[in-house]
Amino acid sequence: AGLGYYARVRNLIACARAIAERGGFPANAAELRKLPGIGDYTSAAIAAIAFGERVVPVDTNVARVIARLHALETPARGEIARLAQALLPPGHSGDFAQALFDLGATICRPRSPACPACPLNACCAAFASGAPERFPARKQRRERPHRYGIAQWTEQDGHVWLVRRPPRGLLGGMAALPGDEWSDAVPAPAPGHLGTIRHVFTHFSLDLIVARRDRAVGDGWWQPLGELDRAGLPTLYRRATELARGSPPVHAAPLEVV
């Protein structure tokens, strides 16, 4: 949970179906990019390693190696790809790609690069400069925005009402407590307030207010409280359920949806 695995599984299924409809697996980067969940890096990696196409997959490690070779402080993505492609030896696309991956991960590290052990140090402009860690220049971190949301806790007869988030976007297709979309606006005090959870995502932080609601609304299902661990809740909503279950219980009522 929390690493995008759920979206990857959905993409994997969609990708398998698309390949079945095509009648075969595409063998070049351009066609691979047309498959669900496959972008520039993955398509190039598959094409180079599995099919020997003359392309270079560029990840963070590869970009760092190329930037240091040429002592580039702020290289553009297209420039890195062009320079990497110029190094590609004939007939060894897969080996070259994997060698670059390993070189960046184990020797040309972001900090304390092992330059004396690097097979490219004789032609590396960053090594020649005496300060290889300067390249590429670190990107300044932007201030992480903060958002607010409400999660509704509707508990009846030993069950809680869950919904499915939209298929696209953050936590896409995952089980959740119902509530409005998150926004930058501070919400008004919620009736039945149980508490607030602060959660930090990659690009923003979130205050999620957990509030009790009397009746279930919309499309969803009643999940037995004893089987919440089987609902596939992401960390954010699992924490929200833990907060709600730690609050004083309410009188049980028959299951009802409006």
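For the structure given in this document, a descriptive report is provided here. What you see is a predicted model; the values in this text were computed from it and never measured.

1. Some words on empty space enclosed by the protein
A full pass over the atoms with the stated rule returns one cavity of 30 Å³ or more. Per-element tally for the lining of the largest cavity: the top contributor is helix α4 (residues 60-69), with three residues.

2. Let's talk about the pattern of salt bridges
When the charged atoms of two side chains with opposite charge come close together, those side chains can pair. Inspection of the entire model under this criterion finds seven salt bridges. The partner of E31 in a salt bridge is K34, and the shortest N-O contact between them spans 2.9 Å. Taking relative accessible area as the criterion, K34 reaches 59% and is therefore assigned exposed. The partner of D184 in a salt bridge is R147, and the shortest N-O contact between them spans 3.9 Å. With D184 in the loop between β4 (175-176) and β5 (193-200) and R147 in strand β1 (residues 146-153), this residue pair connects regions lying 37 residues apart in the sequence.

3. Focus: helix α5 (residues 77-87)
Those residues of α5 that sit buried are I80, L83 and A84. Along α5, the residues classed as buried sweep out an arc of 100° about the axis, all on the same side. Summarising the geometry of α5, the exposed residues directed more than 90 degrees from the buried face are G78, R82 and A86. Along its buried surface, α5 packs onto α4 and α6 (93-106).

4. Quick look at the sheet that holds strand β6 (residues 205-212)
Judged by pairing direction, the sheet is mixed, and its three strands sit side by side in the order β1-β6-β5 without closing on themselves. Both edges of this open sheet fall to β1 and β5, since each of them pairs with a single strand only. Mean inter-strand twist for the sheet, computed between neighbouring axes without regard to direction, equals 20°. As judged from the seven bridges shared by β5 and β6, these two strands associate in the antiparallel manner. Counterpart to I197 in the pairing with β6 is L208. Together, β1, β5 and β6 form the strand contacts of helix α8 (residues 235-245), whose direction differs from that of β5 by roughly 155°.

Basis of the calculations
Position labels on residues start from 1 in each chain and follow its written sequence. Per-residue local features of the predicted model are confined to residues with pLDDT of at least 70, and side-chain atom pairs are confined, for both listing and counting, to 80 or more; whole-chain, interface and lining totals are unaffected and use all residues. Excluded from the side-chain calculation are hydrogens and water; included are all heavy atoms of the structure. Throughout, the protein atoms alone are placed on a 1 Å grid, and a set of points is a cavity if a 1.4 Å probe fits but cannot get out or a pocket if it is open with protein on both sides within 12 Å along at least five of seven lines; lining residues have an atom within 4 Å of a point. Grid points are joined across faces, edges and corners, and a volume is the space filled by probe spheres set on the points. In this description a helix means any DSSP run of H or I spanning at least four residues, a strand means any run of E spanning at least two, and both kinds are numbered starting from the N terminus. What makes a salt bridge here is a side-chain nitrogen of Lys or Arg within 4 Å of a carboxyl oxygen of Asp or Glu, nothing more. Here the term buried applies to any residue with accessible area under 20% of the maximum for its type, exposed to any over 50%, and partly exposed to those in between, with areas from a 1.4 Å probe on protein chains only. What the arc measures is the spread of directions leading from the helix axis to the C-beta atoms. Here, residues are in contact when the closest pair of their heavy atoms is within 4.5 Å. We call two strands paired when DSSP finds no fewer than two bridges between them. In this analysis, axes come from line fits to C-alpha atoms, helices being fitted only over the stretch in contact, and the angle between any two N-to-C directions falls in the range 0 to 180 degrees.

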